[in-house]
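Here are the chains, one letter per residue:
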Amino acid sequence: MNKVILMGRLTRDPEIRYSQGENATAVARYTLAVDRRFNRNGDENTADFIGCVAFGKAAEFAEKYFRKGIKIAITGRIQTGSYTNKDGVKVYTTDVVVEDQEFAESKNSGMAGDGGFSGGSSRPAPAAAGDGFMNIPDGIDEELPFN
């Protein structure tokens, strides 16, 4: 099975191109900086820079919404290839072909402690009790689906 799951930040805006022909398809290329979980040297955090390519609707979505620095999560598959460059040297490539992509944080997550959600209700958010359960404020029990 060839399955990859990554979460990281875009190192730059996606590069978008369109295939030629009657049915032009969007192709987006971007690089994710993925933090390593463990650092052998104990130094500063290190990251891997992983090339990703998305096609069709996924590429159009990336073009419209993805920008340098945002955190995304993707699933896909590893694809390897090779080509000979202009100097006659064989170059090997490894990319993740994106099958699914989504935002891994809200647009305002750096500014809001609630994950950036700011709509829908003027009620204060319920606070967690010391026992790990959430306290439900009085007066909203009629809105709960499990009375």
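Throughout what follows, the structure given in this document is the object of discussion. Positions within a chain are numbered from 1, following the residues in the order the chain's sequence is written. Whole-chain, interface and lining totals are the exception, using all residues; otherwise, since this is a predicted model, local features are given only for residues with pLDDT of at least 70 and side-chain atom pairs are given and counted only at 80 or more. To obtain the side-chain values, all non-hydrogen atoms of the structure were included, while hydrogens and water were left out.

## Remarks on a nonpolar patch on the surface
Patches here: salt-bridge-free residues with over 30% relative accessible area, like charges joined within 9 Å, nonpolar side chains (Val, Leu, Ile, Met, Phe, Trp, Tyr) joined within 5 Å. For accessible areas, the Shrake-Rupley method is used with a probe of radius 1.4 Å. Any residue's cover is judged against the shown protein chains and nothing else. Note on definitions: salt bridges are taken to be side-chain nitrogens of Lys or Arg within 4 Å of carboxyl oxygens of Asp or Glu. Where nonpolar side chains cluster on the molecular surface, the patch consists of Phe61, Tyr65 and Phe103 and spans about 280 Å² of accessible area. Take Tyr65: it is sitting in helix H1 (residues 57-65). When a residue's accessible area, from a 1.4 Å probe over protein chains only, is under 20% of the maximum for its type it is buried; when over 50% it is exposed; and in between it is partly exposed. Accessibility expressed as a relative area gives 41% for Tyr65, which makes it partly exposed. A run of H or I in DSSP counts as a helix once it spans at least four residues, and a run of E counts as a strand once it spans at least two, with each numbered from the N terminus.

## A look at the packing of aromatic side chains
Aromatic rings considered in pairs are described by the distance between their centres and by the relative angle of their planes. The criterion for an aromatic pair is that two Phe, Tyr or Trp rings (for Trp, the six-membered ring) have centres within 6.5 Å, with stacked assigned to planes under 30 degrees apart, edge-to-face to planes over 60 apart and tilted to the rest. What the rule picks out here adds up to five aromatic pairs. Both rings, one in Phe61 and one in Phe66, keep their centres 5.6 Å apart while their planes meet at 90°; by these two values the pair is edge-to-face. Arranged with centres 5.6 Å apart and planes meeting at 80°, the rings of Phe66 and Phe103 form a pair that is edge-to-face. With Phe66 in the loop between H1 and strand S5 (71-84) and Phe103 in strand S6 (residues 90-103), this pair connects stretches of sequence that are 37 residues apart. Here Phe66 falls in the buried class, since its relative accessible area comes to 0%. Judged by its relative accessible area of 41%, Phe103 is partly exposed. Put simply, the rings of Tyr30, Phe61, Tyr65, Phe66 and Phe103 pair up and form one aromatic cluster.

## Points about the pattern of salt bridges
Per the stated rule, a full pass over the model turns up five salt bridges. Between Arg17 and Glu15 there is a salt bridge whose closest N-O contact spans 3.2 Å. Among the residues examined, Glu15 registers a relative accessible area of 33% and is labelled partly exposed. Its salt-bridge partner being Asp95, residue Arg29 comes within 3.5 Å of it at the nearest N-O pair. On the criterion of sequence distance, the pair formed by Arg29 in strand S3 (residues 26-35) and Asp95 in strand S6 is long-range, its members being 66 residues apart.

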